[in-house]
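If you want the building blocks of each chain, they are given just below.
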Amino acid sequence: MAVAQFRAPAVRDVSDPAEVRRAIRRGDISGHTAGLAPGRVQGNLAILPKDLAGDFLRFCTLNPKPCPVIGLSEPGDPTVPALGMDLDLRTDIPRYRVWKDGVLVDEPTDIRSWWRDDLVAFVIGCSFSFEEALIQDSIPMRHIGCNTTVPMWRTNIACAPAGPFAGPMVVSMRPLKPADAIRAVQITSRFPAVHGAPVHIGLPEAIGIRDLGAPDYGDPVEVKADELPVFWACGVTPQSVIAAAKPPFAITHAPGSMLVTDLTNSRIAAL
């Protein structure tokens, strides 16, 4: 599934998460949010009617690797003060996806016209946090160097079901040299709130991935002869599961377009 093309951001201060959110509201940022507000946690988004929120929360609890919840709204409330006092879930993500009965019906940059009083929002930890820690340790992220969205695949790894929510785990992949892959396991293990350590290394066919050049989401990246594909649980998993459950109504983020929060990556590190 192709990710929409976006124009370059125009932000006065990309280090300030509140300024980044204001720029998104103005439409100055309409693409992926990787690299914005360094040191701050970014989140995936899933929004469901209240009558499905309990089952979805149980699904996330049973599947903490792909679905680590870092924020939860009250029904009908588009704010999560613990993640940012001026944060508005209806306007502060560059691109959303609106689903009806499992079918994608809209990809707006603002969901105020879609908002309802019965909606509950889940903010789920994003790999951008552990990527920053990897880069700080001189482990390169090829998709960032290429200014593309990380490649993601649906796998044959089954998530634990809860109510109507069931389906395979989605993983993201980063090609790394073996020594860097070992170090990446050590580093990302410190960040369970943003997917933690990899779920698989090498042998993509063992988890149901037939072609590394054809991701289900995001953009392909080269895996060189001296590199291993390293796979992490991915926050796009809820999108796949929601599409399979076919709820009457749901909203998610577009892959790569995240919610920039005020939380610092250092605060969510386990060690």
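On a predicted model such as this, the values are computed, not experimentally measured, just so you know.

The rules we used
- Residues numbered from 1 in each chain as written.
- Predicted model: local features only at pLDDT ≥ 70, side-chain atom pairs only at ≥ 80, totals over all residues.
- Heavy atoms only, no water.
- Helix = DSSP H or I, 4+ residues; strand = E, 2+ residues; numbered from the N terminus.
- Buried < 20%, exposed > 50% of the residue type's maximum accessible area, 1.4 Å probe, protein only.
- Salt bridge = Lys/Arg side-chain N within 4 Å of Asp/Glu carboxyl O.
- Core = buried A, V, L, I, M, F, W, Y, C linked by side-chain atoms within 4.5 Å.
- Contact = heavy atoms within 4.5 Å.
- Axes fitted to C-alpha atoms, helices over the stretch in contact; angles between N-to-C directions.
- Parallel < 35°, antiparallel > 145°, perpendicular 65-115°, else oblique.
- Left-handed = near helix turned anticlockwise from the far one by under 90°.
- Nonpolar A, V, L, I, M, F, W, Y, C, P; charged D, E, K, R; others polar.

A look at the environment of Val185
Then step 1. Looking at where Val185 falls in the secondary structure, it is placed in helix α5 (residues 178-188).
Then step 2. Residue Val185 is classed as partly exposed on the basis of its relative accessible area of 29%.

Side note on the pattern of salt bridges
Then step 1. In this structure the tally under the stated criterion is 18 salt bridges.
Then step 2. Taking the shortest distance from any N to any O, the salt bridge between Arg25 and Asp92 comes out at 2.5 Å. Here Arg25 is found in helix α1 (residues 17-26), whereas its partner Asp92 is found in the loop between β2 (69-72) and β3 (96-100), with 67 residues between them in sequence.
Then step 3. For Arg25, a relative accessible area of 37% corresponds to the partly exposed category.
Then step 4. Asp92 sits in the buried class, given a relative accessible area of 0%.
Then step 5. Here Glu107 and Arg97 are joined by a salt bridge, their closest N and O atoms 3.1 Å apart.

What to know about the nonpolar core
Then step 1. Membership of the largest hydrophobic core comes to 34 residues, with the highest contact counts inside it found for Leu45, Ile47, Leu89, Leu134, Leu176 and Phe191.
Then step 2. Listing elements by their share of this core, those giving two or more residues are β1 (40-49), β3, β5 (119-125), α3 (128-136), α5 and β9 (228-233).
Then step 3. Those residues in contact with Ile47 that sit more than four places away from it in its chain are Ile111, Trp115, Leu119, Val120, Ala121, Ala250 and Ile251.
Then step 4. Formed by 27 residues, the second largest nonpolar core is a distinct cluster that contains Leu52, Ala53, Ile207 and Val241.

Overview of the packing of α3 against α5
Then step 1. It is the contact of α3 with α5, at a shortest axis distance of 10 Å, that shows an interaxial angle of 125 degrees. Relative to α5, the element α3 lies oblique. Once α3 is placed against α5, the crossing between them reads as right-handed. In this structure, α3 uses Phe130, Ala133 and Leu134 to contact α5, whose residues at the interface are Ala184, Ile187 and Thr188.
Then step 2. Across the contact of α3 with α5, the residue classes break down as 5 nonpolar, 1 polar and no charged.

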